[in-house]
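# Coordinate analysis (summary)
Here are the chains, one letter per residue:
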Amino acid sequence: MAARVAAGAGGGDALPLLDDLMPWSVRPLRTGRPWVTAPDASSLRARWDLLARAEGAEQERLFRPSRSRTPLSPAAALPGTATGTGAFARDPGPYPEPVRILHGPFDEQWLIPDHRLLDAARPELWRVADGHQIFAVEHGYVPQDDGPCLSATALLPDGHSERYGAPVTAESVLAWILAAARPSPAGPLVPLPMGGGLWAQGVELGQELMRLQLRGARGGERPRLPGGRRPYVRAAIGPRPDGISFDAGEEVLVIGEGRVSPVPAAAWDFRVGGVRVLELWFERRTAAAEGLAAVGPRDWPRERTSELLELITVLALLAGLRPRQEELREAVGRADTLTRDGLRAAGVLPVPAWARRPASVLDHREEGPEGQFALL
C-alpha cells in the first residue's frame, strides 16, 4: 500500500501527473512547535517532563501556543496511539513512546505522537500507517534543480496490464515513479512507456532506489558501500562542532575538528530543492534553539555520527544510480508514451471520486477529545 504526501496541486499536461496515478494525497504533518521533534528520542522525554511539571504561565510559555493548540486544548487520540485526550494542563497523562518520522528529505528524526501537541497531525496518514505502508513524498518544484522530485519512506490495489505483459502491482508503480518522474510546476510528471521492456527496466531501477531510501525497513538490508569506499571517522567529531565543509581533493567531510572519509563529492553535493542535504542535516542539529526546543544533548552524541555515516552512504549510492536514471529518462523521451488523453480513452482517467478520499475507518474506534469515542 502507498500514500502520497503532497507538496502542491497538479495541473494540465500531455503526460500523466503523479496526481493522476496516486490520486489520494495528504499534506505533510504540521507540528506548530519545534520542540515536539528531535534527532534523538531522549531529548523528547526531557522536554515532556519539563512541560508536565510546569504550571500556569510557565507551562504556556514552554508549550508555545498557536491558534490550533494551547495547553488547554483537548484533542482526539491519533489512530494507533493511546494518549490523553483531555487538556494537557489538567492531565498530561503518561509519556507516549516517540515514533520515527521523516523530517524533510532523507532526515529521520523522532516525534512525540500526542495529538494535543500538534497543530495538524494528519490522522489520515496515521490510519494507513502499518507494517506494509510506503509513503511517496513530494519535494516541491524548484527550477533548474536536478535533485529528485520525490522519495519513498516506507502503494495501491494490485492489477494486471495487458500492455506490459506482466502484473502491475502497487509497488511496481511506485518503483517506476521513483525512477522516471520528473519535476514540473504542476507537480511531478510521470511518463508511461508503451512497451513492456522499458517498463521492466524502470521498475528494476526504481526498486533499487526504494530499497536504499527505506534503509532496511520492511525487512530489507541496510545500505552499504563496497569495501574501500565505506566512510569512516578518521578524526573524532568534537563535542560541539562549529561547521561542516568538504575537501573534494581528499574526499574528506570536515565537521568541526572531526574528519570523515572517503566521502564521494556526489554525496556532499546531493541536493533536494536546491539545498545540500548534508548541510541541512548538520544545521538542524547544531542551530541555536529556544524554549523546550533547546532541551537536548549538550555534546555531539555517538549515535549521531552513526546516523551521519549512514546518510552519507545512502546519498552516495543514490548519486551512483543517477546515470542509469538519466539513461532511462532519455530512452523514455525517445519512446512512445501514454498521454493523459490516452488514459482517458482507456477509462483509467479521470480517477473516481472515492479514490481521492482517505481509507475508511468505520470499523475502528478512535478516542475523541475528552475521552468520548466516535465512528469516523
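Look up a bit, the structure's there.
Structure report, in brief. Small disclaimer: the values here were computed from a predicted structure and weren't measured.

## Things to note about the pattern of salt bridges
- Summed over all chains, the structure comprises 21 salt bridges.
- The partner of Arg304 in a salt bridge is Asp40, with the nearest N and O atoms 4.0 Å apart. Each member of the pair Arg304 and Asp40 is classed as buried.
- Through salt bridges that share partners, Arg100, Glu108, Arg215, Arg222, Glu307 and Glu310 make up one connected network.

## Digging into the side chain of Ser73
- Locating Ser73 in the fold gives a position in the loop between helix H3 (56–63) and strand E4 (99–102).
- Here Thr70 takes part through its backbone nitrogen, which lies 2.9 Å from a polar atom of the side chain of Ser73.
- Other than its neighbours up to four places away in sequence, Ser73 contacts Ser68, Gly86, Ala87 and Arg116.

## Notes on empty space enclosed by the protein
- Considered as a void within the structure, the largest cavity measures approximately 70 Å³ in volume.
- Along its surface, the largest cavity is lined by Leu102, Phe106, Glu108, Ser151, Ala152, Thr153, Gln213 and Arg215.
- Tallied by class, residues from the lining of the largest cavity come to three nonpolar, three polar and two charged.

## Thoughts on the packing of aromatic side chains
- Per the counting criterion, the structure on display carries eight aromatic pairs.
- Ring plane angle 70° and centroid distance 6.2 Å describe the contact between Trp35 and Phe63, whose orientation is recorded as edge-to-face. In this pair, Trp35 sits in the loop between strand E2 (25–26) and strand E3 (37–38) while Phe63 sits in helix H3, placing the two residues 28 residues apart along the sequence.
- The buried category is assigned to Trp35, whose relative accessible area is 1%.
- On the basis of relative accessibility, which here comes to 0%, the residue Phe63 falls in the buried class.
- Aromatic side chains Trp48 and Phe88 sit 5.1 Å apart centroid to centroid with 85° between the ring planes, which places their arrangement in the edge-to-face category. A residue pair is termed long-range when its members are at least 10 positions apart, and Trp48 in helix H2 (residues 41–53) and Phe88 in the loop between H3 and E4 qualify at 40 residues. Accessibility assignment for this pair places Trp48 and Phe88 in one class, buried.
- A connected cluster of aromatic rings, assembled from ring pairs, spans Trp48, Phe88 and Tyr95.
- Just above the ring of Trp300 sits the side chain of Arg304; from NZ or CZ to the centre is 5.4 Å.
- Sitting over the ring of Phe270, Arg322 keeps its end group 4.5 Å from the ring centre.

Conventions we followed
- Residues numbered from 1 in each chain as written.
- Predicted model: local features only at pLDDT ≥ 70, side-chain atom pairs only at ≥ 80, totals over all residues.
- Heavy atoms only, no water.
- Salt bridge = Lys/Arg side-chain N within 4 Å of Asp/Glu carboxyl O.
- Buried < 20%, exposed > 50% of the residue type's maximum accessible area, 1.4 Å probe, protein only.
- Helix = DSSP H or I, 4+ residues; strand = E, 2+ residues; numbered from the N terminus.
- Polar contact = N/O pair within 3.5 Å; in protein donor to acceptor, adjacent residues only side chain to side chain.
- Contact = heavy atoms within 4.5 Å.
- 1 Å grid on protein atoms, 1.4 Å probe; cavity = no way out; pocket = protein on both sides within 12 Å on 5 of 7 lines; lining within 4 Å.
- Points joined across faces, edges and corners; volume = space filled by probe spheres on them.
- Nonpolar A, V, L, I, M, F, W, Y, C, P; charged D, E, K, R; others polar.
- Phe/Tyr/Trp six-rings, centres within 6.5 Å; stacked < 30°, edge-to-face > 60°.
- Lys NZ or Arg CZ within 6 Å of the ring centre and 35° of its normal.

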